Amino acid sequence: MTLTTDPATITTDAFTLTRLTGTLGARVEGGTLDDLLGDGQARADLRSALHEHGVLVFKRAHPTHEQHLALASAFGSPEPPHAQNVPHPHHPEICVFDSAEGYTADKWHADETFSDQPSSGAVLRMVQRPSFGGDTVWTNVGAAYDRLSNGMKDLLAKRRAMHEIRPGVSAMHPVIRTHPDTGRRVIYVNEIFVRGIQNLPDGEGEAILGFLLHHIQSPDFQYRHGWDEGDLVAWDNHLTQHYAASDYTERRVVHRVGFRGTPFPVAS
């Protein structure tokens, strides 16, 4: 990739990236989806851009279901929705999130951290947008780790936390993980699935977990996306967490394709 004279812009042979904040997100422009997805080097550059920027935005792309799946495959192997989510009736690797069915995601989380190997990322498509509201916000948990004091980093280095969606469906993960593609350290706790930090007195564990959950929500680490119908947004599930604002009354429908790329190293 080539940095232009504009520090907000990065160019490749196939597309241009425009940074969206100081810590997270870039908009992808230039060429059609078919052009990008049919070019092996462009696909590799998109993967690198996702790991670097955490969130990639394709404005008003209006993809077909096949193009949506193909974009996810540029980042990893598309995977079917988890058991608790609703698959598309004709495309079982596409998950349908419909507010009319009571779906909300208005707490900070990374996807499927209750699994031993959570999803590496996802591509979300806005199908039906409310007239106002319904933004999605991402936060960079790598940038949040970088901002911790050295003392806090040392305290957390060998700690683990329990992630659980319901009794019997859970996984234990390090509180600080290493990104499998970049080697970057990230804070790996979230407010939906984490039940507590292990091997600390209850009061200390609750206080440290509360601090971390508050810390990762700082606006300094965030990108907030105001949706248009047809938008596609891809995110790195190892580097980010997200939150869907529940500030709307009209129907909101999104389609999600998760993917698996490089897995986390097995924790010692």
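S.K.: Can you help me understand the overall build of the protein chain in this one?
M.R.: What the protein chain contains, in helices and strands, is six helices and 19 strands. Seen through its C-alpha atoms, the protein chain measures out along the principal axes to roughly 55 × 45 × 35 Å. Taking contacts inside the protein chain between residues at least 6 apart in sequence as the whole, the part at least 24 apart equals 76%. For the protein chain, the accessible area works out to roughly 12000 Å², and carbon and sulfur atoms hold 48% of it. The protein chain carries 24 positive and 33 negative side-chain charges, and their two centres are separated by 4 Å.

S.K.: Even after reading the chapter, I still don't get the pattern of salt bridges, so can you show me in this structure?
M.R.: Scanning the entire structure with this criterion turns up eleven salt bridges. Arginine 195 serves as the salt-bridge partner of glutamate 164, at 3.6 Å between the closest nitrogen and oxygen. Within this pair, whereas glutamate 164 is found in strand β11 (residues 160–166), its partner arginine 195 is found in strand β15 (residues 194–197), the two being separated by 31 residues in sequence. With a relative accessible area of 22%, glutamate 164 lands in the partly exposed category. Classification of arginine 195 by relative accessible area gives partly exposed; the value is 44%. Each member of the salt-bridge network shares a partner with another, and the members are Lys59, Arg60, Asp228 and Asp231.

S.K.: Before we go on, may I ask you to explain unusual backbone geometry in this structure?
M.R.: Backbone phi values are negative for most residues with the exception of glycine, while trans is the configuration of most peptide bonds. The backbone of histidine 62 sits at a positive phi, close to 45 degrees, despite the residue not being glycine. Mapped onto the secondary structure, histidine 62 falls in the loop between β5 (55–58) and α3 (65–75). Of note in the backbone geometry, asparagine 199 takes a positive phi value of approximately 60 degrees without being a glycine. With respect to the secondary-structure elements, asparagine 199 resides in the loop between β15 and α6 (202–216).

S.K.: What is the right way to look at a negative patch on the surface in this model?
M.R.: Negative charge collects at one region of the surface, where Asp13, Asp34, Asp35 and Asp39 lie side by side. Position of aspartate 13 relative to the elements: it lies in the loop between β2 (9–11) and β3 (16–19). Residue class for aspartate 13 comes out exposed when judged on its relative accessible area of 86%.

S.K.: Just to check I follow, could you spell out the sheet that holds strand β12 (residues 169–174) for this structure?
M.R.: Through backbone hydrogen bonds, the strands of a sheet pair up, either in parallel or in antiparallel fashion. Overall, antiparallel pairing links the three strands, which are arranged β12-β11-β15 in an open sheet. For this open sheet the edge positions go to β12 and β15, each flanked by a neighbour on one side alone. Neighbouring strand axes in the sheet, compared pairwise and without regard to direction, differ in orientation by 20 degrees on average. The sheet contact formed by β11 and β15 spans three bridges and is antiparallel. Across the sheet, residue alanine 161 finds its bridge partner in β15, namely isoleucine 197.

S.K.: Would you mind showing me how to read α6 here?
M.R.: Counting along an α-helix, one turn takes 3.6 residues, and residues three or four places apart therefore face a common direction. A rise of 1.5 Å per residue sets the reference length of α6, with its 15 residues, at 21 Å; its end C-alpha atoms lie 21 Å apart and thus fit the reference within 8%. Residues of α6 that are buried include every one of Gly205, Ile208, Leu209, Leu212, Leu213, His215 and Ile216, and no others. Looking down the long axis of α6, one finds its buried residues gathered within 160 degrees of arc, a one-sided arrangement. Away from its buried face, by an angle of more than 90 degrees, α6 presents the exposed residues Glu206, Ala207 and His214. Tucked inside the fold, the buried residues of α6 contact β10 (136–140), α4 (141–146), α5 (150–156), β14 (185–187), β15 and β18 (240–244).

S.K.: I'm lost on the environment of glycine 40 in this one. Help?
M.R.: Relative to the elements of secondary structure, glycine 40 occurs in helix α2 (residues 40–53). Separated by 16 residues in sequence, glycine 40 and leucine 24 place their C-alpha atoms 25 Å apart.

S.K.: Teacher, can you tell me more about the pairing of strand β17 (residues 232–236) here?
M.R.: Each regular strand displays side chains that alternate between the two surfaces of the sheet. Most of β17 sits out of view: five of its five residues are buried. Pairing between β5 and β17: four bridges, direction antiparallel. By the bridge assignment, valine 57 is partnered in β17 with valine 233. Taken together, the five bridges between strand β9 (residues 121–128) and β17 define a ladder with antiparallel strand orientation.

S.K.: Can you walk me through the sheet that holds β18 in this structure?
M.R.: Sheet architecture is open: three strands sit in the order β16-β10-β18, paired in antiparallel fashion. Looking at strand neighbours, the two that pair on one side only are β16 (222–225) and β18, the edges of this open sheet. Between one strand axis and the next, the sheet turns through 20 degrees on average, direction left out of account. Sheet topology note: the β10/β16 ladder contains four bridges and is antiparallel. The residue bridging valine 137 from the neighbouring strand is arginine 224, located in β16.

Cut-offs and rules
- Residues numbered from 1 in each chain as written.
- Predicted model: local features only at pLDDT ≥ 70, side-chain atom pairs only at ≥ 80, totals over all residues.
- Heavy atoms only, no water.
- Helix = DSSP H or I, 4+ residues; strand = E, 2+ residues; numbered from the N terminus.
- Contact = heavy atoms within 4.5 Å.
- Areas by Shrake-Rupley, 256 points an atom, 1.4 Å probe, with all protein chains shown as cover.
- Lys, Arg positive; Asp, Glu negative; His and termini not counted.
- Charge placed at Lys NZ, Arg CZ, Asp CG, Glu CD.
- Salt bridge = Lys/Arg side-chain N within 4 Å of Asp/Glu carboxyl O.
- Buried < 20%, exposed > 50% of the residue type's maximum accessible area, 1.4 Å probe, protein only.
- Patch = residues over 30% accessible without salt bridge, like charges linked within 9 Å, V, L, I, M, F, W, Y side chains within 5 Å.
- Pairing = 2+ DSSP bridges.
- Axes fitted to C-alpha atoms, helices over the stretch in contact; angles between N-to-C directions.
- Expected span 1.5 Å × (residues − 1).
- Arc of directions from axis to C-beta.

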